[in-house]
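Residue-level structural notes
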Amino acid sequence: MRKIFIMCLLCLAATFLKEMIFHLFPFIMTTIFINFLGSILFVMVVVFYNDNSNMQKYLNIAFLGSFTTFSGVFKDLFFLIENNQFITSLIYILITFIIIPIVTWFFYHKIKELKYND
């Protein structure tokens, strides 16, 4: 019961944080920012909780799963295409599915290198 309570609290905190960001910056690129930030946080959780502990599971599944908005990506893409913003759609796809994963991969290796060189 305690584990479920912790996961629910993390989900609520992540959802609240995400909604605050959307209200502060109400434009489509906010989804990219949140997903990029979520990817960076995911790397930090994986590197610093590399023992596959419950905390890693709580943070990755509950907090980051609720915080990131990968389902919002398709809503944003549909909106852009529906409004004939094809160039913006292509840029959005490039950033979301190519640039963010590459940057996340580099960040993961740099953080891991820094952690183990200390």
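Residues numbered from 1 in each chain as written. Predicted model: local features only at pLDDT ≥ 70, side-chain atom pairs only at ≥ 80, totals over all residues. Heavy atoms only, no water.

**Details of the side chain of Thr96**
On the secondary structure map, Thr96 appears in helix α5 (residues 86-117). Look at Thr96 and you get buried, because its relative accessible area is 4%. A distance of 2.9 Å separates the side chain of Thr96 from the backbone oxygen of Tyr92, its partner in a polar contact. Aside from chain neighbours lying at most four places away, what touches Thr96 is Ile32, Val73 and Pro101. (Helix = DSSP H or I, 4+ residues; strand = E, 2+ residues; numbered from the N terminus. Buried < 20%, exposed > 50% of the residue type's maximum accessible area, 1.4 Å probe, protein only. Polar contact = N/O pair within 3.5 Å; in protein donor to acceptor, adjacent residues only side chain to side chain. Contact = heavy atoms within 4.5 Å.)

**Observations regarding the environment of Val73**
Within the secondary structure, Val73 sits in helix α4 (residues 70-82). Residue classification places Val73 among the buried positions, given a relative accessible area of 1%. Residues Val73 and Met29, spaced 44 residues apart in sequence, show a C-alpha to C-alpha distance of 9.6 Å. Among all residues touching Val73, those that are not within four sequence positions of it are Thr31, Asn35, Tyr92, Thr96 and Phe97.

**So, the packing of helix α2 (residues 29-48) against helix α3 (residues 54-67)**
Where α2 meets α3, the axes come as close as 10 Å, and the angle between the chain directions of the two elements is 180°. Overall, the two elements α2 and α3 adopt an arrangement that is roughly antiparallel. Judged by residue contacts, Ile34, Leu37, Gly38, Leu41, Phe42, Val45 and Val46 of α2 engage Gln56, Leu59, Asn60, Phe63, Leu64 and Phe67 from α3. A per-class count over the contact of α2 with α3 returns ten nonpolar, three polar and no charged. (Axes fitted to C-alpha atoms, helices over the stretch in contact; angles between N-to-C directions. Parallel < 35°, antiparallel > 145°, perpendicular 65-115°, else oblique. Nonpolar A, V, L, I, M, F, W, Y, C, P; charged D, E, K, R; others polar.)

**A word on the nonpolar core**
Grouped together as the largest cluster of nonpolar side chains are eleven residues: Leu10, Ala14, Ile21, Ile34, Val45, Tyr58, Leu59, Ala62, Phe63, Leu64 and Phe67. At the level of secondary structure, the elements contributing two or more residues to this core comprise α1 (2-24), α2 and α3. The greatest single-element share of this core, amounting to six residues, is contributed by α3. Setting aside anything within four residues of it in sequence, one finds Leu10 in contact with Tyr58, Leu59, Ala62 and Phe63. Counting residues in hydrophobic clusters, the runner-up holds six residues, among them Ile32, Val73, Leu80 and Ile100. (Core = buried A, V, L, I, M, F, W, Y, C linked by side-chain atoms within 4.5 Å.)

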